[in-house]
Every structure is written in C-alpha cells, then in structure tokens.
Amino acid sequence: MKLYYTPHTCSFAPHIVLRELGIDAELSRVRIGPDPSVVADGRDFRELGALAYVPLLELDDGRVLHEGVSILQYLADLHPDSGLAPAHGSVERIELNQWLIFISSELHKLFSPWLFHPEYGETPAKIARDRLQPRLALVDAHLAKNEFVLGQRFSIADAYLYTIAGWTRALKMDMTAYPNLDAYLDRIGQRDSVRDALRREREDARVRAESARA
Ligand SMILES: N[C@@H](CCC(=O)N[C@@H](CS)C(=O)NCC(=O)O)C(=O)O
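Report follows, based on the coordinates. Owing to the predicted nature of the structure, the values given are computational and were not obtained by experimental measurement.

Looking only at helices and strands, the chain features eight helices and four strands. The N-to-C order of helical and strand elements in the chain reads β-α-β-β-β-α-α-α-α-α-α-α. For a compact globule of 214 residues, the expected C-alpha radius of gyration is about 17 Å, and the chain comes in at 17 Å, within 12% of that figure. C-alpha atoms of the chain, sized along the principal axes, occupy 50 × 45 × 30 Å. Within the chain, counting contacts between residues at least 6 apart in sequence, those at least 24 apart form 65% of the total. Approximately 11,100 Å² of the chain is accessible, and the part contributed by carbon and sulfur atoms is 52%. Across the chain, the 26 positively charged side chains and the 31 negatively charged ones have centroids separated by 4 Å.

Given below as structure tokens:
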C-alpha cells in the first residue's frame, strides 16, 4: 500500500489512521498546487487519478483510491475491531458519515483555496474567515460535551478533524472563541499515532533532502 501525501495537508488524516492501525504503508511525497510534481517513480502525479490532489492511496493490486473520506473508511474497515469506524448499517455509522461530510464540505473546502492557492489573492481568505466562524463554533460546542467527535472513542473523524482544524494554528487564527477545539487539538496532538506520523513525514523529508544533495 502506498500513500501519496504532501506535508501539512489533508493527507495527514489517512497517515494518522495508518499509524493507529500499525499499517506500514510506503510514503510517496508529492507537490500540489499550480505546478503538481512528477512522482519519484517517474509517473506524472496527474495521471494517477482525480485532480492531482492528495491524499491518494495505491493498493497492492495497483488500484488508486482518491477522496479522503473514502480512504479513511477503507482503512478503518480493513480492521473493524479497531473501533475507528462504527459498523455499517448502524446509526453510529451514519453519525460518522455526517461528521466526515461536514468536515470535508464545511471546513476543509473553506480552508483549502486560502492555504494552497495564493494565486487567487485575498478573496478565498475573506470568505473562509467569515464562513468558518459559525462552523468552528458548532464544533467547539460539540467538543464541550464530547471528548472525541463520536463521543468517548477516537475515530477516523478525529484524524480528519484534527488535521483540518489544525490549520487554524498554521494560519495563527485567534482561538479565544473556540477553547474546547483548542484543547482538543492539544489532546489529539499528543496521541502516539499523530506524533509517529509527523516523525515519519519529517524523516521522509530528511532522507529526500540528503539524497538530493548526494
Ligand atoms: N476532494 C478531495 C480534495 C483533497 C484536497 O483538497 N487536497 C488538497 C490538499 S489538503 C490538495 O491536494 N490540493 C491541491 C490543489 O488544490 O491543487 C478529498 O477530499 O480528498
């Protein structure tokens, strides 16, 4: 299995889940944005699928999965006993889906043009700042009563929320109005899976830099 990723992006969510499950997937670092990269094995990233965005997950039979929320669920369903996703057909699974869709459409896609497409100027930042406020407040109110997105147990929705809401820190947003979300980011950031995924991405960068110098 191979995860195509870019540091500091949404591909960190499936990377956390791989670490939660102890799956040693190969990492392939790609460049996104206006000038997406050619991947190390000589293939053009754009030919791999979707719209040259991460995450992409290549399976051992060569199939390539795209769309983060599908990849997260694929990984969780490989190990149903992990508890990272409730059983299919349960109301809890629908609740998980509600949150995954909310994070994807109401948070992720507000942040991403602001973060990754500076060529669009100030407009995406203005729209995002305005529209994110009520959405982050909703998340904050939920986390006032729940340790994790689904209540008492870490799930793939936490890997995704942590990754996307973590951009508030990269953007140095004022979190005074969202104390529960702020504490949640600290809490999830302490998990072994999160620290290990970060360490592996840094190590991958170090090895690449060294081989580029050699
Ligand atoms: N619909 C895709 C979107 C993924 C996405 O937006 N990825 C961003 C990084 S967080 C990206 O690669 N953007 C490249 C671009 O917009 O050109 C998903 O949910 O997986």
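We now examine the pattern of salt bridges. Under the defined criterion, the tally for this structure stands at 15 salt bridges. Of the charged contacts in the structure, one is a salt bridge between Arg200 and Asp24, with a shortest N-O distance of 2.8 Å. Of this pair, Arg200 sits in helix 8 (residues 192–213) while Asp24 sits in the loop between helix 1 (12–21) and strand 2 (26–29), and the two are 176 residues apart along the sequence. Given the relative accessible area of 25%, Arg200 is considered partly exposed. Arg93 serves as the salt-bridge partner of Asp77, at 3.0 Å between the closest nitrogen and oxygen. Placement of Asp77 in helix 2 (residues 68–78) and of Arg93 in helix 3 (residues 91–116) is noted, with a sequence separation of 16 residues between them. Asp77 sits in the partly exposed class, given a relative accessible area of 31%.

In the neighbourhood of the ligand, 14 residues make up the surrounding shell, with Cys10, Val54, Glu67, Gly68 and Lys109 lying closest. A distance of 2.8 Å is found between an oxygen atom of the ligand and a side-chain nitrogen or oxygen belonging to His117. For the ligand, whose unbound accessible area comes to 510 Å², protein coverage reaches 88%. Counting residues per element, the shell around the ligand draws most heavily on helix 3, which supplies three residues. Taken together, the residues that form the shell around the ligand break down as seven nonpolar, five polar and two charged.

So, about the sheet that holds strand 1 (residues 2–5). One open sheet holds the four strands; their spatial order is 2-1-3-4, and the pairing between them is mixed. Each having just a single partner strand, strand 2 and strand 4 (64–66) make up the two edges of the open sheet. This sheet shows a mean twist of 25° between the axes of neighbouring strands, independent of strand direction. Bridge analysis of strand 3 (residues 56–58) against strand 4 gives three bridges, and the strand direction is antiparallel. Residue pairing across strands places Leu57 opposite Leu65, the latter belonging to strand 4. Helix 8 contacts strand 1 and strand 2 of the sheet and is inclined by roughly 60° relative to strand 2.

Once that is clear, we can look at the packing of helix 4 (residues 123–145) against helix 7 (residues 179–189). In contact at an axis separation of 7 Å, helix 4 and helix 7 are set at 70° when each is read in the N-to-C sense. Relative to helix 7, the element helix 4 is oriented roughly perpendicular. Contacts between helix 4 and helix 7 involve Leu136, Val139, Asp140, Leu143 and Ala144 on the former and, on the latter, Pro179, Asn180, Leu181 and Tyr184. Of the residues contributing to the contact of helix 4 with helix 7, the split by class is seven nonpolar, one polar and one charged.

One pass over the full model with this rule turns up five aromatic pairs. Relative to Phe102, the ring of Trp99 has its centre 5.7 Å away and its plane inclined at 80°; by these criteria the two rings are edge-to-face. Within this pair, Trp99 and its partner Phe102 are both found in helix 3, separated by three residues, close to a single helical turn. Both residues of the pair, Trp99 and Phe102, belong to the buried class. A ring pair is formed by Phe116 and Trp167, whose centres lie 5.6 Å apart and whose planes are at 80°; its orientation type is edge-to-face.

Criteria and cut-off values
- Residues numbered from 1 in each chain as written.
- Predicted model: local features only at pLDDT ≥ 70, side-chain atom pairs only at ≥ 80, totals over all residues.
- Heavy atoms only, no water.
- Helix = DSSP H or I, 4+ residues; strand = E, 2+ residues; numbered from the N terminus.
- Rg over C-alpha atoms; globule rule 2.2 N^0.38 Å.
- Contact = heavy atoms within 4.5 Å.
- Areas by Shrake-Rupley, 256 points an atom, 1.4 Å probe, with all protein chains shown as cover.
- Lys, Arg positive; Asp, Glu negative; His and termini not counted.
- Charge placed at Lys NZ, Arg CZ, Asp CG, Glu CD.
- Salt bridge = Lys/Arg side-chain N within 4 Å of Asp/Glu carboxyl O.
- Buried < 20%, exposed > 50% of the residue type's maximum accessible area, 1.4 Å probe, protein only.
- Near = heavy atom within 4 Å.
- Polar contact = N/O pair within 3.5 Å; in protein donor to acceptor, adjacent residues only side chain to side chain.
- Nonpolar A, V, L, I, M, F, W, Y, C, P; charged D, E, K, R; others polar.
- Pairing = 2+ DSSP bridges.
- Axes fitted to C-alpha atoms, helices over the stretch in contact; angles between N-to-C directions.
- Parallel < 35°, antiparallel > 145°, perpendicular 65-115°, else oblique.
- Phe/Tyr/Trp six-rings, centres within 6.5 Å; stacked < 30°, edge-to-face > 60°.

Just geometry here; none of it tells us what the structure is for.
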